[in-house]
Amino acid sequence: MSERSEGTRKHSPLDSGVPAEGGHTRIHVLGGYQTDFALKAAGLYELLEEASRGALEATAVRPEEIQVAHVGNLAGELFAGQAQLGGMVASIDPAWSMLPTSRHEAACASGSMALLAAMADLEAGRYDVALVVGVELMRNVGAKEAAAHLGSAAWAGREALGANYPWPSLFAEIADAIDERYGLSHEHLARIAEINHGNALRNPLAQAREWSFPDGCFGEDDALNPIVEGRLRKYDCGRITDGAAAVVLASSRVASRGPVISGWGHRTAPMLLADKLAVRGEYLFPHLRQAALDAYGRAGIAVDDLDVIETHDCFTVTEYAALDHLGLTPPGQAWRAIEDGVIDFGGSLPVNPSGGLIGLGHPVGATGVRMLHDAARQVSGTAGETQVEGARTALTLNIGGSCTTVAAFVVTG
């Protein structure tokens, strides 16, 4: 196992489970693995195999100790003509030839849906040890074809009509809605892009780790940072990425050490962005705010208890919208967390020290799993050059579609 693929654990974790207080089953993150997001992958199976075997090696869990597997993936059928990815996982090791598996899809939140399903399995007592792997292969087609495939997560034939790139177009609409309700300056979006790309330079697995950024490239210079759709520019946008991430989860019946998923939130809103934006309230996306409150409530914490956040930033405006919904600022005032340096790597609540989707990369089905893996690494002090000093409580926020599906996890060390 290379230094890059080091997980959160190196010794066997399945030897000393203890009953949880009140009979509640705790879910431990034993460790995990992320592929190199800068590389163009050979295929879906190769990504699944590397991530799965990497997670086993990182955790010292034997293949025969995995009792169930859950796979997150958006568009294997479109990009590779391949469905039934659970069968691919069952093909990785002879010990898995009868392993129960499931595949889950919720656009960019597919990985988080796989995590929630695995947690439910463990909490229900069906199994005690689960493998969760997220995967996406996207760089095997051209940019316009990839954009069309990803556009399937919008309502086909009813929104983003005529857009060259459906998702930049829809998130440009979100930016316009923020501007109309609260005001929005590009300088704040530019600062998010600068922070996340800067963080990626420290991450040895980041897609953008060797990129260079000329002076002024995050601003409104049409030559350095051309418009993609609406007000969103090149460096406001995440890139097409191949990759996979995997984690091994275990119930407190068989494990007593390792980071714990102490809270979670999951909400889904109507499909059309226009329907979501038609809801007028204190927050732009009330269901997103509620998912955050659900996660905090289940974990018994408040936003002030967090040490680090890994949030969805498929576009800079996505992270901008997340900041107030997560409670870093009052509604509509996300700019304050940016101007005050709160979200900087050295700030009081660093956001996306990994580089986020913009800098680290966004293989769609893998993102939710990758976020949880990085959160677990942070709170166990094994995040390497991306480590936030003293981090003990982390939050992840994963968003699918035009903020249609949202999922948040609190991870404590």
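Residues numbered from 1 in each chain as written. Predicted model: local features only at pLDDT ≥ 70, side-chain atom pairs only at ≥ 80, totals over all residues. Heavy atoms only, no water.

> Summarise the overall build of the protein chain; cite the residues concerned and give the values.
Within the protein chain, the regular secondary structure consists of 13 helices and 11 strands. Taking 2.2 N^0.38 as the reference for a compact globule, 413 residues should give roughly 22 Å; the C-alpha atoms of the protein chain span a radius of gyration of 20 Å, in line with that estimate. Projected onto its principal axes, the C-alpha coordinates of the protein chain cover approximately 55 × 45 × 40 Å. Here the protein chain holds 413 residues, and the buried ones make up 60% of them. Taking contacts inside the protein chain between residues at least 6 apart in sequence as the whole, the part at least 24 apart equals 77%. (Helix = DSSP H or I, 4+ residues; strand = E, 2+ residues; numbered from the N terminus. Rg over C-alpha atoms; globule rule 2.2 N^0.38 Å. Buried < 20%, exposed > 50% of the residue type's maximum accessible area, 1.4 Å probe, protein only. Contact = heavy atoms within 4.5 Å.)

> Summarise the side chain of E136; cite the residues concerned and give the values.
Counting through the fold element by element, E136 comes out in strand β4 (residues 129-136). Comment: no salt bridge for buried E136; closest opposite-charge side chain is R103, at 6.2 Å. Reaching out from E136, the side chain makes a polar contact with the backbone nitrogen of L74 at a distance of 2.9 Å. One polar contact links the side chain of E136 to the main-chain amide nitrogen of G365, over a distance of 2.8 Å. (Lys, Arg positive; Asp, Glu negative; His and termini not counted. Salt bridge = Lys/Arg side-chain N within 4 Å of Asp/Glu carboxyl O. Polar contact = N/O pair within 3.5 Å; in protein donor to acceptor, adjacent residues only side chain to side chain.)

> Before we move on, could you go through the environment of G401 and cite the residues and values that matter?
Residue position: G401 is located in the loop between β10 (393-400) and β11 (405-412). The buried category is assigned to G401, whose relative accessible area is 8%. Here the alpha-carbon distance between G401 and H149, two residues 252 residues apart in the chain, equals 13 Å. Once residues lying within four places of it in the same chain are set aside, the contact partners of G401 are A107, C108, A153, W167 and F171.

> So what's going on with the pairing of β11? Which residues, and what values?
Counted residue by residue, β11 has 7 buried out of 8 residues, so it is predominantly covered. Summarising the sheet, strand β8 (residues 260-268) and β11 pair through 8 bridges and their orientation is antiparallel. Along β11, the bridge assignment pairs V260 with T412. In the sheet, β10 pairs with β11 via 8 bridges, with the strands oriented antiparallel. Looking at β11, one finds that T396 is bridged to F409. In this antiparallel pair of consecutive strands, β10 and β11, the connection spans 4 residues, and G401 shows a positive phi of 70 degrees. (Pairing = 2+ DSSP bridges.)

> For unusual backbone geometry, give the residues involved together with the corresponding values.
In this model, A160 sits at a positive phi of 55 degrees, which is unusual for a non-glycine residue. Take A160: it is sitting in the loop between α5 (143-150) and α6 (166-181). Non-glycine residue C403 carries a positive phi angle of around 65 degrees. Mapping C403 onto the fold places it in the loop between β10 and β11.

> Would you mind going over the packing of α6 against helix α10 (residues 316-325) in detail, with residue names and values included?
The contact between α6 and α10 brings their axes to 9 Å, and the two run at 40 degrees. Considered as vectors, α6 and α10 are oriented oblique to each other. Crossing handedness for the pair α6 and α10: left-handed. Residues F171, A175 and I178 of α6 form the contact with α10, whose participating residues are V317, T318, Y320 and A321. For the contact of α6 with α10, a count of residues per class yields 6 nonpolar, 1 polar and no charged. (Axes fitted to C-alpha atoms, helices over the stretch in contact; angles between N-to-C directions. Parallel < 35°, antiparallel > 145°, perpendicular 65-115°, else oblique. Left-handed = near helix turned anticlockwise from the far one by under 90°. Nonpolar A, V, L, I, M, F, W, Y, C, P; charged D, E, K, R; others polar.)

> Account for the packing of aromatic side chains, with residues named and values stated.
All told, the structure shown has 5 aromatic pairs when counted by the stated rule. Plain terms: the ring middles of F213 and Y235 are 6.0 Å apart, the flat faces sit at 70 degrees to each other, and that makes the pair edge-to-face. Of the two residues, F213 sits in the loop between α7 (186-200) and β5 (227-229) while Y235 sits in the loop between β6 (232-233) and β7 (243-251), which places them 22 residues apart along the sequence. Relative accessible area serves as the criterion here: at 8%, Y235 is assigned to the buried category. (Phe/Tyr/Trp six-rings, centres within 6.5 Å; stacked < 30°, edge-to-face > 60°.)

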